[in-house]
Amino acid sequence: MPVSVHSGRDLDVTSDAIDDVNVLKGKLWDDKSEFDENKDKTRFRDYDAACDRVKAFYKEQHEKQTVEFNIKARVDFKSKTRARMSVWEAMEKLNTLIDESDPDTSVSQIEHLLQTAEAIRRDGKPEWMQVAGLVHDLGKLLLLFGSEGQWDVVGDTFVVGCRFSDKIIYPDTFTANPDSHDSVYSTKYGIYQPHCGLDNVMLSWGHDEYLYNVFKDQSTLPAEALAMIRYHSFYPWHREGAYSHLANEKDEQILAAVQAFNPYDLYSKTDSPCDPVKLRPYYEGLISKFFPPVLDW
Ligand SMILES: O[C@H]1[C@H](O)[C@@H](O)[C@H](O)[C@@H](O)[C@H]1O
Ligand SMILES: [Fe+2]
Ligand SMILES: [Fe+2]
């Protein structure tokens, strides 16, 4: 049985899907201590200690995310509408996906979205930020829309078109990426100008970039929320301080927003489980404030 599940079945979140996920959890993660509720913060994102599934994921991703692939993915994105549905329907669709790149969670994606949103709500943060938490990983729907695998959907992001930063996890795996040997793409600035701004660089294609593009014209979310969505996986920048030679002043401002969001995304992964049925009325209320009833995905 494959370790990743992304069937297109429309299951009710309260029933079969939860069972499916629990079965998978048992199969995927033998060492339950990895997910204990009192996990120390320093033990999150421990990629040295990560299992083979995570290492294999990044090896493949770092080899295949080239400039050529990224241009193709963006052209493909613009060429069609993949589905029409509401935000809550999109969340339900994701319910059986388990992310192969993530060393810190074994829960389904709807669970992760609710845990993130609930943690933000508990801290009394504004509604737009709760919504950002609720939707931030919906871009993983790409898995149901003909992605090539998980490598072009999940995982940390980085800039393509210039030298791969050594602040990216498993930096050695980029030697297998043809762009590492390209005379332009392998230079410090590559195809970019100094301080051109992150708006003008191509981040590796995946759930962040996809979802940002879906929401930028179909929501009333503020710029900070859109930045949280677009850059939440860009750890080399928001955590490691890489790419300052490409960032501009505007990016400095949004960095604060992305960093404020990050702990909720990361550390809520060991919170107690949420009940989607109980929480739905509250979050449907918030969704209706920021999104139309149906969106093009
Ligand atoms: O494995 C995780 C997961 O794919 C997250 O959704 C993403 O935002 C993170 O950057 C990544 O490390
Ligand atoms: Fe994510
Ligand atoms: Fe997340």
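Per chain, residues are indexed from 1 in the order of the written sequence. Lettering for chains starts from A, numbering for ligands starts from 1, and both go in the order in which the items are written. The predicted origin of the model limits local features to residues at a pLDDT of at least 70 and limits the giving and counting of side-chain atom pairs to 80 or more, whereas totals for whole chains, interfaces and linings rest on all residues. The basis for the side-chain values is all heavy atoms of the structure; hydrogens and waters are excluded.

Caption draft 1: Representation of helix 8 (residues 223-231). The buried count for helix 8 comes to seven of nine residues, which makes it a mostly enclosed element. Here helix 8 has its buried residues at A225, L226, A227, M228, I229, R230 and Y231. For helix 8, the secondary structure elements touched by its buried residues are helix 6 (127-135), strand 3 (202-203), helix 7 (207-215), helix 9 (235-238) and helix 10 (249-267). We call a residue buried when its accessible area falls under 20% of the maximum for its residue type, exposed when it is over 50%, and partly exposed in between, using a 1.4 Å probe and counting protein chains only. In this description a helix means any DSSP run of H or I spanning at least four residues, a strand means any run of E spanning at least two, and both kinds are numbered starting from the N terminus. Should any heavy atoms of two residues lie within 4.5 Å, those residues are considered in contact.

Caption draft 2: Geometry of the coordination of the iron ion (ligand 2). Note that water is not among the atoms considered, so a metal site may appear incomplete; the donors listed are N, O and S atoms within 2.8 Å of the metal, with 3.2 Å applied to Na, K and Ca. Within the protein, D137 (OD), H207 (NE2) and H232 (NE2) serve as the donor atoms for the iron ion (ligand 2), at 2.0 to 2.2 Å. Considered as a linear motif, the donors of the iron ion (ligand 2) on their single chain read D-x69-H-x24-H.

Caption draft 3: Region of the structure containing unusual backbone geometry. Backbone geometry at Y170 places phi at a positive 50 degrees, although glycine is not the residue there. Structurally, Y170 is set in the loop between strand 2 (159-160) and strand 3. Of the residues examined, Y170 reaches a relative accessible area of 18% and is grouped as buried. With phi around 70 degrees, Y243 is a residue other than glycine that occupies positive phi space. If you trace the backbone, Y243 turns up in the loop between helix 9 and helix 10. Residue classification places Y243 among the buried positions, given a relative accessible area of 4%.

Caption draft 4: Structural view of the site of ligand 1. Close to ligand 1 lie 15 residues, the nearest being D99, S101, K140, D156 and S233. In the environment of ligand 1, an oxygen atom lies 2.8 Å from a nitrogen or oxygen atom belonging to the side chain of K140. In the analysis that follows, any N or O atom pair within 3.5 Å is treated as a polar contact, provided that within protein one partner can donate a hydrogen and the other can accept it, and provided that, for residues neighboring in sequence, both atoms belong to side chains. A distance of 2.5 Å separates an oxygen atom of ligand 1 from a polar side-chain atom of S233. Here the Shrake-Rupley method, with its probe set to 1.4 Å, supplies the accessible areas, and only the displayed protein chains count as covering residues. Contact with the protein chains covers 97% of the free accessible surface of ligand 1, which is 300 Å². Under this grouping Gly is polar, as are all residues other than the nonpolar Ala, Val, Leu, Ile, Met, Phe, Trp, Tyr, Cys and Pro and the charged Asp, Glu, Lys and Arg. Residue composition of the shell around ligand 1, grouped by class: four nonpolar, five polar and six charged. One heavy atom suffices: a residue is near a molecule or strand as soon as one of its heavy atoms comes within 4 Å of it.

Caption draft 5: Expanded view of the packing of helix 6 against helix 8. Simply put, an axis is a line fit to the C-alpha atoms, just over the touching stretch for a helix, and the angle between two N-to-C directions goes from 0 to 180 degrees. One way to put it is that helix 6 packs onto helix 8 with a least axis distance of 9 Å and a crossing angle of 20 degrees. Compared by their axis directions, helix 6 and helix 8 come out roughly parallel. For the element pair helix 6 and helix 8, the recorded crossing hand is right-handed. When helix 6 is examined against helix 8, the residues W128, M129, A132 and V135 are found in contact with a partner set consisting of E224, A225, M228 and I229. For the contact of helix 6 with helix 8, the per-class residue count stands at seven nonpolar, no polar and one charged. Angles are sorted into four bins: roughly parallel if under 35 degrees, roughly antiparallel if over 145, roughly perpendicular if 65 to 115, and oblique for all others. Crossing handedness: left-handed means the near helix sits turned counterclockwise from the far one by under a right angle, and right-handed means the same turn made clockwise.

Caption draft 6: Molecular detail of the UniProt feature "binding site: substrate" (unreviewed entry) in the protein. Annotation from UniProt places "binding site: substrate" (unreviewed entry) at R45, D99, E100, S101, K140, G155, D156, H232 and S233. Within the secondary structure, D99 sits in the loop between helix 4 (87-93) and helix 5 (109-122). If we ignore the near neighbours within four places in the chain, the residues touching D99 are R53, Q109, K140, Q150 and V154. At a separation of 2.6 Å, a polar atom in the side chain of D99 contacts the side chain of S101. Looking at the element boundaries, D156 is found in the loop between helix 6 and strand 2. The residues touching D156, leaving out its near neighbours within four places in the chain, are R45, Y47, Y58, Q61, I169, S204, S233 and Y235. A polar atom in the side chain of D156 sits 2.6 Å from the side chain of R45. UniProt positions are given in the numbering used here, feature names are shortened, and annotations may be inferred rather than shown by experiment.

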